[in-house]
Amino acid sequence: MRPEAFSGGEKVRLSGRERLLTLLKSRLGDPPLPLRIGFWDGESFDFGPEPKLTINLTDRRLLRLMLTGNISRLGDAYVDGRLTVEGKVEDILGVGMELADRIGRSPLVQRIGAVVSKVPRPHSRKKDAADIVSHYDVSNDFYRLWLDERMVYSCAYFRTGDETIDQAQAQKLDHICRKLRLRKGERLLDIGCGWGALAIHAAKHYGANVVGVTLSPSQQTLALERVEAAGLSDKIEIRLQDYRDVPGEGVFDKISSVGMIEHVGLANYPVYFGTIARLLKPGGALLNHGITVTDPGGKAQGPAGGDFIDRYVFPGGELPHVSKVLTEMASAGLEPVDMEDLRPHYARTLQHWVRRLEAHEAEAIAEAGPERYRIWRIYMPGMAVAFDKGWLSVGQVLAYKPQADDRWATRPWSRDYQYAEGPEQLATGLDWSEF
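The numbering scheme is per chain: residues are counted from 1 as the chain's sequence reads. Local features are withheld for residues below a pLDDT of 70 in this predicted model, meaning they are given only at 70 or higher, and side-chain atom pairs are given and counted only at 80 or more; totals for whole chains, interfaces and linings count all residues. Side-chain measures were taken over the full set of non-hydrogen atoms in the model, leaving aside hydrogen atoms and water.

**Here we look at the overall build of the protein chain**
Link 1 in the chain: Where helices and strands are cited, they refer to DSSP runs of H or I of at least four residues and of E of at least two residues respectively, numbered from the N terminus. For the protein chain, the helix and strand inventory stands at 16 helices and 13 strands.
Link 2 in the chain: Contacts in the protein chain between residues far apart in sequence, at least 24 positions, make up 72% of those at least 6 positions apart.
Link 3 in the chain: As displayed, the protein chain offers around 20400 Å² of accessible surface, 51% of which is attributable to carbon and sulfur atoms. Whether two residues are in contact is decided by their heavy atoms: any pair within 4.5 Å suffices. Computed with the Shrake-Rupley method and a 1.4 Å probe, the accessible areas treat only the protein chains shown as cover for residues.

Quick look at the structure:
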């Protein structure tokens, strides 16, 4: 039988939809969300005054998924178009995250999330290559639409916050090279080199000889084209190669890894940092730049739905707390000497990216399809909120490989060298001839 309610002394029979909406409204609690739900038959329901976000449901079963807090299947419906959202990006995120938080509080959802978070993920060479291809081999032209002119797909570096994304990414590349104290003729290994932006910058402006490795055929192809166009083919080699397969011992003066550690897998950190330590010369430097969680125990924060990114954006991705990065570095024989938190920089970077993506909506859909566009349109601002609220951060860690005699001759006395006017003003470290 249908549930019954009383209104003005009369029994009123509620439809199935009304019953579910009543339960959902109760579940959402107060204060009311500025949310409107549109239904498959053209009707709608407002949960609060002046709705800022509209969620359109084309399937009656989606209302039950909202009631049960099944964020994962609602994410599937969003990707395949059975659920659509309308509103400004900031409202979609603000109201949408509050909605996900309120309906994702059920003990069942929390219990499943706790179990999933403890399941170890395999990271074989074959699987890692497949995961990288699934993300980066979408289309070079798709990424070109909304990344900066150099196609840097990692956190930019802002000095004032008012820079364009092109300026901020150029500043980031230079910031890395300064931290590494790159010099002319030094050999640099760039692990996860992307489309070659850092390799080109290091070779062009610092005179480094660079080897870049990637698992993405599309990235390698475009990176090689860019290297050739820059006239740097004699100084840069771009390999389609797993970082674990780079041969040699003590063959690189400096190593950079930007946006790569997220794909390594927590259980593989001894292999990852051990490989870097093997390849790095004594006295050489590593710059490791990657997303981190802010909970010391590594627990995910924020509303339910993190598996959306696992399944649709970064399959196989695992994020550490920066303390684990430092510990694993030290265990591999590397000496962490500098850690810079870039959390606000990534929030601003993502804001730039999503605005550019929306400005090229038709082209992005034509290039990568409507599903991919919907995924990236919600994933990037969602990540921006995660950085803004402090659920995620970015740790840029500089480490050295100690020399056999334990001298610190390669170490600068201060951080002044990171902000010098040019490579020629880099600090030289301690001169042992004085002793």
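**Some details on the sheet that holds strand 10 (residues 252-258)**
Link 1 in the chain: The seven strands are arranged 9-8-7-10-11-13-12 in an open sheet whose pairing can be described as mixed. The two strands at the open ends of the sheet, each matched to only one other strand, are strand 9 (236-240) and strand 12 (335-341). Across the sheet, the axes of successive neighbouring strands diverge by a mean angle of 15°, strand direction being ignored.
Link 2 in the chain: Relative to strand 13 (residues 392-400), strand 11 (residues 280-293) runs antiparallel, the two sharing nine bridges. By the bridge assignment for strand 13, Asn 288 is matched with Val 397.
Link 3 in the chain: In this analysis an axis means a line fitted to C-alpha atoms, helices contributing only their contacting stretch, and an angle means the value between N-to-C directions, from 0 to 180 degrees. This element, helix 14 (residues 343-359), spans strand 11, strand 12 and strand 13 of the sheet and lies at about 125° to strand 13. Pairing between two strands is assigned when DSSP locates at least 2 bridges connecting them.

**Quick look at the pattern of salt bridges**
Link 1 in the chain: We count a salt bridge whenever a side-chain nitrogen from Lys or Arg sits within 4 Å of a carboxyl oxygen from Asp or Glu. Counting across every chain of the model gives 15 salt bridges.
Link 2 in the chain: Across the pair Arg 239 and Glu 237 runs a salt bridge whose closest N-O atoms are separated by 2.9 Å.
Link 3 in the chain: The partly exposed category is assigned to Glu 237, whose relative accessible area is 37%.
Link 4 in the chain: One continuous salt-bridge network, built from bridges that share partners, spans Asp 59, Arg 61, Asp 80 and Arg 82. Each residue is placed in one exposure class: buried if its accessible area under a 1.4 Å probe, protein chains only, is under 20% of its type's maximum, exposed if it is over 50%, and partly exposed if it falls in between.

**Points about unusual backbone geometry**
Link 1 in the chain: At Glu 50, a position not held by glycine, the phi torsion is positive, near 50°.
Link 2 in the chain: Of note in this structure, Met 151 is not a glycine but carries a positive phi near 60°.
Link 3 in the chain: Along the polypeptide, Met 151 turns up in the loop between helix 7 (140-146) and helix 8 (165-180).
Link 4 in the chain: Looking at Met 151, the relative accessible area reads 2%, which means it is buried.

**What about the confidence of the model for the protein chain?**
Link 1 in the chain: Chain-level statistics for the protein chain give a pLDDT mean of 82 and a share of 82% at 70 or above.
Link 2 in the chain: Between residues 422-435, whose pLDDT stays under 50, and residues either more than four places distant or in other chains, the model counts 28 contacts. The pLDDT score gives, residue by residue, the confidence of the prediction method on a 0 to 100 scale.

**Things to note about the nonpolar core**
Link 1 in the chain: By size, the foremost hydrophobic cluster in this structure holds 72 residues, and its most contacted members are Trp 146 and Trp 376.
Link 2 in the chain: For this core, the leading source of residues is helix 16 (residues 370-389), giving 10 residues.
Link 3 in the chain: Apart from the residues lying within four places of it in its own chain, the contact partners of Trp 146 are Tyr 153, Trp 353, Arg 356, Leu 357, Trp 376 and Met 380.
Link 4 in the chain: Grouped together as the second largest cluster of nonpolar side chains are 28 residues, Leu 180, Leu 182, Leu 232 and Tyr 400 included. In plain words, nonpolar cores are sets of buried Ala, Val, Leu, Ile, Met, Phe, Trp, Tyr and Cys residues tied together by side-chain atoms within 4.5 Å.

**Side note on the environment of Ser 233**
Link 1 in the chain: On the secondary structure map, Ser 233 appears in the loop between helix 10 (217-229) and strand 9.
Link 2 in the chain: Among the residues examined, Ser 233 registers a relative accessible area of 47% and is labelled partly exposed.
Link 3 in the chain: Separated by 33 residues in the primary sequence, Ser 233 and Ile 200 have C-alpha atoms spaced 9.7 Å apart.

**Some words on the packing of helix 3 (residues 71-80) against helix 16**
Link 1 in the chain: The N-to-C vectors of helix 3 and helix 16 enclose an angle of 125°; their axes lie 8 Å apart at closest approach. When the axis of helix 3 is compared with that of helix 16, the two are oblique. Contacts from Tyr 78, Val 79 and Asp 80 of helix 3 reach helix 16 at Glu 371, Arg 374, Ile 375, Arg 377 and Ile 378.
Link 2 in the chain: In terms of residue class, the contact of helix 3 with helix 16 is made up of four nonpolar, no polar and four charged. Roughly parallel here means an angle under 35 degrees, roughly antiparallel means over 145, roughly perpendicular means 65 to 115, and every remaining angle is called oblique. Ten residue types, Ala, Val, Leu, Ile, Met, Phe, Trp, Tyr, Cys and Pro, are classed as nonpolar, four, Asp, Glu, Lys and Arg, as charged, and the remainder, Gly among them, as polar.

**Some remarks on the packing of helix 14 against helix 16**
Link 1 in the chain: Relative orientation of the contacting elements helix 14 and helix 16 amounts to 155°, with a least axis distance of 8 Å. Here helix 14 is positioned roughly antiparallel relative to helix 16, judged by the angle of their axes. The hand of the helix 14/helix 16 crossing is left-handed. Touching Arg 343, Tyr 346, Ala 347, Leu 350, Trp 353, Val 354, Leu 357 and Glu 358 of helix 14 are Tyr 373, Trp 376, Arg 377, Met 380, Pro 381, Met 383, Ala 384, Phe 387, Asp 388 and Lys 389, all from helix 16.
Link 2 in the chain: Looking at the contact of helix 14 with helix 16 residue by residue, the classes come out as 13 nonpolar, no polar and five charged. Here is the rule for handedness: rotate from the far helix to the near one, and if that takes an anticlockwise turn smaller than a right angle the crossing is left-handed, while a clockwise turn gives right-handed.

**Some words on the side chain of Gln 418**
Link 1 in the chain: One can find Gln 418 in the segment after strand 13.
Link 2 in the chain: Residue Gln 418 is classed as buried on the basis of its relative accessible area, which comes to 1%.
Link 3 in the chain: A distance of 3.4 Å separates polar atoms of two side chains, one belonging to Gln 418 and the other to Tyr 417.
Link 4 in the chain: Leave out the neighbours within four places in its chain, and Gln 418 touches His 175, Arg 178, Lys 179 and Asp 338. Between N or O atoms, a polar contact is any pair within 3.5 Å; within protein, one atom must be a potential hydrogen donor and the other a potential acceptor, and residues adjacent in sequence are included only when both atoms are from side chains.

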